[in-house]
Amino acid sequence: MRKYLKGAVLAAAMAVSGLMSTAMAVEDTIKVGVLHSLSGTMAISETTLKDTILMMIDDQNKKGGLLGKKLEAVVVDPASNWPLFAEKARELIQVKKVDVVFGCWTSVSRKSVLPVFEELNGLLFYPVQYEGEESSRNVFYTGAAPNQQAIPAVEYLMSKDGGNAKRWVLLGTDYVYPRTTNKILRAFLHAKGVADADIMEEYTPFGHSDWQTIVTNVKKFASEGKKTAVVSTINGDANVPFYKELGNQGIKAEDIPVVAFSVGEEELAGLDTAPLVGHLAAWNYFMSVDTPKNAEFIKQWQAFIKNPKRVTNDPMEAHYIGFKMWVQAVEQAGTTNVDAVRQAMYGQKVKAPSGFDSVMNVNHHLSKPVFIGEIQANGQFDIVWRTDGPIAGDAWSDFIPESKKLTADWTFPWVCGNCEKPKYTAN
């Protein structure tokens with residue numbers, strides 16, 4: 001009996017020791033949440049962003065991890081379901097205890113998770129161009145604001161090099177990003193002397209597939225004697241039938257150029273690009289950028305994904321920048337504590353694949369360059385215009401009167417994202 005008890009005690013002690021070791025092993029990782037749609041209408045764009053974060057985590061772990069710990073990816077699939085994004089965000093922060101989250105694509109998904117991140121004081125890195133009109137202390141916006149994409153694209157199309165466009169078709173998916181971006185663009189066009197009669201605006205649901213009538217209407221609108229351009233804020237897999245219908249109806253770039261804000265190399269990979277040659281996209285990065293850092297980025301991606309034909313794109317670069325800045329901020333703060341990391345983020349600088357230094361500003365937006373590219377037959381973009389250097393992202397548009405007077409500055413003790421006057425806090 002004594003032998004039995006001794007053995008039982010030893011076994012129990014070993015079990016407890018094993019549990020403690022397991023618990024310590026769990027505690028000994030830094031958890032990185034990945035909140036991207038892997039199914040549904042947005043999977044065409046977001047799955048690649050999940051893989052980008054996995055690549056960055058793998059790379060960081062090969063360098064020894066962070067603060068002496070390994071990074072652990074915690075991946076969830078909100079399935080292009082906007083309320084589910086909020087549930088999954090809460091799960092990541094409250095249940096999975098992640099230290100940071102990289103995720104979302106659409107603004108409706110970001111708006112869905114925003115109250116969760118603010119309530120639980122989580123930290124989200126959002127990598128996609130968006131409509132602006134927002135600055136949260138819990139979000140770092142690493143994609144373009146309208147002044148870093150939409151406004152420069154329209155200015156280019158108005159210019160001699162861009163074709164001297166006089167009439168404008170604003171086509172978008174029916175949610176907050178296209179509607180707010182087009183509100184800003186309409187105000188900008190008014191400021192340039194464009195009348196409402198020369199602006200056509202139309203929205204379609206996510207996953208819209210029948211573009212025949214809309215494209216016919218675009219042709220009719222463009223036939224009234226003034227050079228016409230299309231500004232597309234169509235998102236997700238609806239882009240595939242949209243561009244196919246442009247080709248079906250023989251719309252060529254020299255006649256009615258289309259500039260897209262949500263179509264990059266990944267989306268073009270699923271299209272017959274021959275009829276689309278010459279149409280445009282505006283981004284802060286293209287795979288065709290010729291820099292040593294970009295060559296390194298492409299090589300790293302294709303090796304990680306084990307496919308020499310896989311492309312890179314702008315939101316991937318935004319995640320690359322955001323992840324590296326977060327790592328630098330954690331190292332500077334000496335902790336993954338959200339409040340400490342937030343303050344350490346301001347002024348972080350990363351040499352981006354675009355060839356420029358991207359800098360995080362106190363309004364939680366980056367300074368980034370702007371590029372406009374023409375679609376080529378091989379699915380790449382020929383860069384036809386670029387800024388001389390990085391442009392600071394505006395949280396609040398100068399073309400909306402109620403927004404123009406607002407500013408955002410989250411450095412302690414200012415901490416306000418939508419103030420007209422300084423607002424100080426003791427916390």
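Here the structure is a predicted model, which means the values were calculated and not measured.

Engineer: For this particular structure, what's the right way to read the overall build of the protein chain?
Structural biologist: From N to C terminus, the protein chain includes 13 helices and 18 strands. Computed over its C-alpha atoms, the radius of gyration of the protein chain comes to 24 Å, within 12% of the 22 Å expected for a compact globule of 427 residues. With 427 residues in all, the protein chain has 56% of them scored as buried. Pairs at least 24 residues apart make up 66% of the contacts formed inside the protein chain by residues separated by at least 6 positions. Summed over all atoms, the accessible surface of the protein chain reaches about 17600 Å², with 53% contributed by carbon and sulfur. On the protein chain, the mean spot of the 44 positive side-chain charges and the mean spot of the 48 negative ones are 5 Å from each other.

Engineer: Sorry, what's going on with the pairing of strand β1 (residues 29-35) here?
Structural biologist: The two faces of a sheet get side chains in turn, since along a regular strand they alternate between them. Most of β1 sits out of view: seven of its seven residues are buried. Alternating positions in β1 separate into two faces, T29, K31, G33 and L35 on one and I30, V32 and V34 on the other, with burial throughout. Sheet topology note: the β1/strand β2 (residues 70-76) ladder contains seven bridges and is parallel. Looking across to β2, one finds that V32 is bridged to A73. With helix α2 (residues 43-62) bridging β1 and the parallel β2, this β-α-β connection has right-handed handedness.

Engineer: Can you walk me through the sheet that holds β1 in this structure?
Structural biologist: To summarise the sheet geometry, strands pair through backbone hydrogen bonds and adopt either a parallel or an antiparallel arrangement. Taken in spatial order, the five strands of this open sheet run β2-β1-β3-β4-β5, and their pairing is parallel. Each edge of the open sheet is held by one strand with a lone partner, namely β2 and β5 (139-141). Between one strand axis and the next, the sheet turns through 25 degrees on average, direction left out of account. When strand β3 (residues 100-103) meets strand β4 (residues 124-126), the two strands line up parallel, connected through two bridges. Following the sheet pairing, V101 is matched in β4 by L124.

Engineer: Before we go on, may I ask you to explain the environment of R310 in this structure?
Structural biologist: With respect to the helices and strands, the residue R310 is situated in the loop between α10 (292-305) and α11 (314-333). The sequence separation of R310 and I298 amounts to twelve residues, and the corresponding C-alpha distance is 8.8 Å. In this structure the side chain of R310 is engaged in a polar contact, spanning 3.3 Å, whose partner is the side chain of T48.

Engineer: Please explain the environment of N61 as it appears in this structure.
Structural biologist: The residue N61 is located in helix α2 in this model. Judged by its relative accessible area of 16%, N61 falls in the buried class. For the pair N61 and Y320, spaced 259 residues apart in sequence, the C-alpha to C-alpha distance is 15 Å. What N61 contacts, discounting residues up to four positions off in sequence, is K70 and L71.

Engineer: Where do I start with the packing of aromatic side chains in this structure?
Structural biologist: All chains considered together, the criterion is met by 19 aromatic pairs. Look at W82 and F206: their rings are 5.1 Å apart centre to centre, the planes differ by 55 degrees, and that puts the pair in the tilted class. Of this pair, W82 sits in helix α3 (residues 82-95) while F206 sits in the loop between β7 (199-204) and α7 (212-222); the two residues are 124 residues apart in sequence, bridging distant segments of the chain. With a relative accessible area of 17%, W82 lands in the buried category. We classify F206 as partly exposed; its relative accessible area is 23%. Through a chain of ring-to-ring contacts, the aromatic side chains of F102, F125, F140, F323, W326 and Y346 assemble into a single cluster.

Engineer: For this particular structure, what's the right way to read the pattern of salt bridges?
Structural biologist: Where charged atoms from two side chains of opposite charge approach closely, those side chains can pair. Taken as a whole and assessed by the stated rule, the structure comprises 19 salt bridges. A salt bridge links E91 to K88; the nearest nitrogen and oxygen atoms lie 3.6 Å apart. With E91 and K88 both in helix α3 and three residues apart, this pair spans about one turn of that helix. Where D196 meets R186, a salt bridge forms, and the shortest distance between an N and an O atom there is 2.6 Å. Here D196 is found in the loop between α6 (176-191) and β7, whereas its partner R186 is found in helix α6, with ten residues between them in sequence. Overlapping salt bridges bring together R110, K111, E131 and E134 as one network.

Calculation rules
- Residues numbered from 1 in each chain as written.
- Predicted model: local features only at pLDDT ≥ 70, side-chain atom pairs only at ≥ 80, totals over all residues.
- Heavy atoms only, no water.
- Helix = DSSP H or I, 4+ residues; strand = E, 2+ residues; numbered from the N terminus.
- Rg over C-alpha atoms; globule rule 2.2 N^0.38 Å.
- Buried < 20%, exposed > 50% of the residue type's maximum accessible area, 1.4 Å probe, protein only.
- Contact = heavy atoms within 4.5 Å.
- Areas by Shrake-Rupley, 256 points an atom, 1.4 Å probe, with all protein chains shown as cover.
- Lys, Arg positive; Asp, Glu negative; His and termini not counted.
- Charge placed at Lys NZ, Arg CZ, Asp CG, Glu CD.
- Pairing = 2+ DSSP bridges.
- Right-handed = clockwise from strand over helix to strand, strands pointing away.
- Axes fitted to C-alpha atoms, helices over the stretch in contact; angles between N-to-C directions.
- Polar contact = N/O pair within 3.5 Å; in protein donor to acceptor, adjacent residues only side chain to side chain.
- Phe/Tyr/Trp six-rings, centres within 6.5 Å; stacked < 30°, edge-to-face > 60°.
- Salt bridge = Lys/Arg side-chain N within 4 Å of Asp/Glu carboxyl O.

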